[in-house]
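# A look at the structure
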Amino acid sequence: MTVQECETRDQRFLQNIREMFAVNDLLCEHANRLRLTIENAAIVIRGELPSSDLKAELVPSVRRAGVLSRVCDCVQVR
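Here the structure is a predicted model, which means the values were calculated and not measured.

On to the overall build of the chain. When its secondary structure is counted, the chain shows three helices and three strands. Each helix and strand of the chain, placed in order from N terminus to C terminus, yields the pattern α-β-β-α-α-β. Whereas a compact globule of 78 residues would reach a radius of gyration of roughly 12 Å, the chain reaches 12 Å, a difference of no more than 12%. With the C-alpha coordinates of the chain rotated into their principal frame, the extents come out at 40 × 20 × 20 Å. Looking at the chain as a whole, 29% of its 78 residues qualify as buried.

This is the structure we're talking about:
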């Protein structure tokens, strides 16, 4: 796979995750507080959420987006 193909795939993964956050009843109003990146072949989520219940929705939403790679949840609960 070329570098360009990898970058395109990664961007597609990130977009799919953003879409899953947007349609999640709990996460949709907080999705703009979350930053997604791909670092060392892992999806990294950063930001802040107001409750641990919302934080618990993150990884399942990533999985529903079809991403089976590592997920690093670095989100803080405030």
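The first and last C-alpha atoms of helix H1 (residues 3–23) sit 31 Å apart over 21 residues, in line with the 30 Å expected at 1.5 Å per residue. Residues of H1 that are buried: Asp10, Leu14, Ile17 and Phe21. Buried residues of H1 fall within an arc of 60° about the axis and therefore sit on the same side. Exposed and facing more than 90 degrees away from the buried side of H1 are Gln4 and Val23.

Tallied over the full model, the rule gives five salt bridges. For Glu39, the salt bridge is made with Arg46, and the minimal N-O distance between the two is 2.8 Å. The exposure class of Arg46 is partly exposed, given its relative accessible area of 30%. One salt bridge connects Lys55 with Asp73, and the closest N-O pair in it is separated by 3.0 Å.

Calculation rules
Residues numbered from 1 in each chain as written. Predicted model: local features only at pLDDT ≥ 70, side-chain atom pairs only at ≥ 80, totals over all residues. Heavy atoms only, no water. Helix = DSSP H or I, 4+ residues; strand = E, 2+ residues; numbered from the N terminus. Rg over C-alpha atoms; globule rule 2.2 N^0.38 Å. Buried < 20%, exposed > 50% of the residue type's maximum accessible area, 1.4 Å probe, protein only. Expected span 1.5 Å × (residues − 1). Arc of directions from axis to C-beta. Salt bridge = Lys/Arg side-chain N within 4 Å of Asp/Glu carboxyl O.

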